Amino acid sequence: MPAKSGKKTRGNIRLAVQILFFMVVLSIVAGHALAVAGISIPILSDASLHAVCPFGGVVSLYQWISQGSFVKKVHESSLILGGLVLILAIALGPVFCGWVCPFGSLQEWIGKLGRKIFKRRYNAMVPPTLDAILRYLRYVVLLWVLYMTAVTGLLIFADFDPYYTLFNFWTGEVALSGVIILLAVLILSLAVERPFCKYACPYGAVLGLSNLIRLFPVRRRSSSCIDCKLCDRRCPMNIEVSTTDRVRDHQCISCNECSSEAACPRPDTVAMRFKPWKQGGDQSHSADAGGGLS
């Protein structure tokens, strides 16, 4: 019972963090909208969605290096946030995707309804062969966004970005293409977990590469694994954690849902660790030991 209680507490913490950042972004957007209407709110009135989007720093990097300026609407804060998120990703992987991104969280919340509707068919409807190909589509999107932004000096992706559309659809500043993509993603979220994250998010493509070099990767201790595959079923990105000793998949979002703190019934068997477990020490490992960073 204590183990189950601990898993529930950990799940509640992640949900609380997701809700917190969702409300922060919503507050910033609302404050900016009120400022435009002539109602000033301290701190919030000076912020905008572009100012707190770390991807803005990525798309503006070429112009900043070559010309010393930022792409229109992109703020210096975006470059700073982008750098901080990148440093965090090198250490812990795409934590931004799994814990912070409001649009990723919204897809996940809609997916909870989809899981009740489709049950076991949920997140398993896309044929594996097609799914494997589609997962690289977001790198095509990334290259297109970087090229078009560098050539035009404009924030081209804003017209197609469902995240931007979600928090600006009432302003009249969004393009029809963005509205269509947003609706499509929200509908798809009922059948596929985090469809935009998996197949189209350019920032997720950037952060996903950190899984190849991150200091604290998700590791599985094969000697204590009972092959229940709960880690596989819990992973929102359909990664087969049970078949590897270290998760290097570019789709991992560091949500830690596969870990011994959340899904795995064996203590300290799936966890984010700097080093793998020492061989020969598993037999004496205490059944009450906890997971986590080590």
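Predicted model, so just to flag it, every value in this text is computed and none were measured. (Residues numbered from 1 in each chain as written. Predicted model: local features only at pLDDT ≥ 70, side-chain atom pairs only at ≥ 80, totals over all residues. Heavy atoms only, no water.)

Visitor: Residue-level account of the overall build of the chain, with values.
Guide: When helices and strands are counted, the chain shows 13 helices and two strands. For the chain, buried positions account for 46% of its 294 residues. Roughly 15,400 Å² of accessible area belongs to the chain as shown, and the carbon and sulfur atoms make up 68% of that amount. (Helix = DSSP H or I, 4+ residues; strand = E, 2+ residues; numbered from the N terminus. Buried < 20%, exposed > 50% of the residue type's maximum accessible area, 1.4 Å probe, protein only. Areas by Shrake-Rupley, 256 points an atom, 1.4 Å probe, with all protein chains shown as cover.)

Visitor: Run through the packing of aromatic side chains, naming residues and quoting values.
Guide: Inspection of every chain in the model, using the stated rule, returns eight aromatic pairs. With a centroid separation of 6.3 Å and 35 degrees between ring planes, the pair formed by Tyr136 and Tyr139 is classed as tilted. In this structure Tyr139 comes out as buried when scored by relative accessible area, which is 16%. Where Trp144 meets Phe160, the ring centres are 5.5 Å apart and the plane angle is 80 degrees; that geometry is what we call edge-to-face. Taken together, the residues Trp144 in helix H8 (residues 137–152) and Phe160 in the loop between H8 and helix H9 (162–166) connect sequence positions 16 residues apart. Relative accessible area serves as the criterion here: at 31%, Phe160 is assigned to the partly exposed category. (Phe/Tyr/Trp six-rings, centres within 6.5 Å; stacked < 30°, edge-to-face > 60°.)

Visitor: Now, about helix H4 (residues 76–92): what can you tell me, with residues and values included?
Guide: Taking 1.5 Å as the rise per residue, H4 with 17 residues should run 24 Å; its terminal C-alpha atoms sit 25 Å apart, in good agreement. Every buried residue of H4 is accounted for by Ser78, Gly82, Val85, Ala89 and Leu92. Along the long axis of H4, the arc covered by the buried residues comes to 110 degrees, so they all point the same way. Among the exposed residues of H4, those oriented more than 90 degrees off its buried face are Glu76, Leu84 and Ile87. One or two positions beyond H4, positive phi appears at Gly93, with a value near 85 degrees. (Expected span 1.5 Å × (residues − 1). Arc of directions from axis to C-beta.)

Visitor: With reference to specific residues and values, describe the environment of Cys97.
Guide: Mapping Cys97 onto the fold places it in helix H5 (residues 95–100). Residues Cys97 and Tyr203, spaced 106 residues apart in sequence, show a C-alpha to C-alpha distance of 8.9 Å. The contacts of Cys97, once residues within four sequence positions are left out, are Arg194, Gly204, Leu207 and Ile253. (Contact = heavy atoms within 4.5 Å.)

Visitor: Summarise a nonpolar patch on the surface; cite the residues concerned and give the values.
Guide: On the surface, Leu86, Ile90, Leu209, Leu212, Ile213, Leu215 and Phe274 cluster together into a nonpolar patch covering about 630 Å² of accessible area. As for its placement among the helices and strands, Leu209 is situated in the loop between helix H12 (202–208) and strand E1 (218–220). Since its relative accessible area comes to 43%, Leu209 is described here as partly exposed. (Patch = residues over 30% accessible without salt bridge, like charges linked within 9 Å, V, L, I, M, F, W, Y side chains within 5 Å. Salt bridge = Lys/Arg side-chain N within 4 Å of Asp/Glu carboxyl O.)

Visitor: Can you tell me about the side chain of Asn123, naming the residues and giving the values?
Guide: Looking at where Asn123 falls in the secondary structure, it is placed in the loop between helix H6 (102–118) and helix H7 (128–134). Aside from chain neighbours lying at most four places away, what touches Asn123 is Ala191, Val192, Glu193, Lys198, Cys235, Pro236 and Asn238.

Visitor: Hey, could you go over the pattern of salt bridges for me, with residue numbers and the actual values?
Guide: As enumerated under the stated definition, the model contains nine salt bridges in all. A salt bridge links Glu257 to Arg14, with the shortest nitrogen-to-oxygen separation between them at 3.2 Å. Of this pair, Glu257 sits in the loop between helix H13 (230–234) and strand E2 (270–272) while Arg14 sits in helix H1 (residues 2–36); the two residues are 243 residues apart in sequence, bridging distant segments of the chain. Taken individually, Glu257 and Arg14 each receive the classification buried, so the pair is uniform in this respect. Assessed through its relative accessible area of 11%, Glu257 is described here as buried. By sharing partners, the salt bridges in this structure join Arg14, Glu108, Arg194, Arg234 and Glu257 into a single network.

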